[in-house]
Amino acid sequence: MDARNAALTCYGTMPLNCRIYKATSESCWYIYVRWNEGKDGLAIRSSRVILVGKLTGTIHYDGSAGDEG
């Protein structure tokens, strides 16, 4: 699957199962996306989440959501 055509899931606050330890003072959107290599269905691992600042649009984090298991 082409990552550009994958569905995104966006949350206005941090979801309960999200475990991100890199705090930011800016309120963020939590956007769940596929990993770039497209092997999401072939491995047991954490989801990928991107934190985008609601005011500045700054990407504060792009990585593991810490929700594996």
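This one's a predicted model, so the numbers in the text were calculated from it and none came from an experiment.

## Digging into the packing of aromatic side chains
Given two aromatic rings, one states the distance between the centres and the angle between the planes to describe the pair.
Now for step 1: One pass over the full model with this rule turns up 1 aromatic pair.
Now for step 2: On the basis of an interplanar angle of 80° and a centroid distance of 5.7 Å, the ring pair of Tyr11 and Tyr32 is categorised as edge-to-face. Here Tyr11, found in strand β1 (residues 9–11), pairs with Tyr32, found in strand β2 (residues 28–33); they are 21 residues apart in sequence, far enough to count as distant.
Now for step 3: Assessed through its relative accessible area of 12%, Tyr32 is described here as buried.
Now for step 4: A cation sits over an aromatic face here: Lys54 above Trp29, 4.6 Å from the ring centre.

Conventions adopted
Residues numbered from 1 in each chain as written. Predicted model: local features only at pLDDT ≥ 70, side-chain atom pairs only at ≥ 80, totals over all residues. Heavy atoms only, no water. Phe/Tyr/Trp six-rings, centres within 6.5 Å; stacked < 30°, edge-to-face > 60°. Helix = DSSP H or I, 4+ residues; strand = E, 2+ residues; numbered from the N terminus. Buried < 20%, exposed > 50% of the residue type's maximum accessible area, 1.4 Å probe, protein only. Lys NZ or Arg CZ within 6 Å of the ring centre and 35° of its normal.

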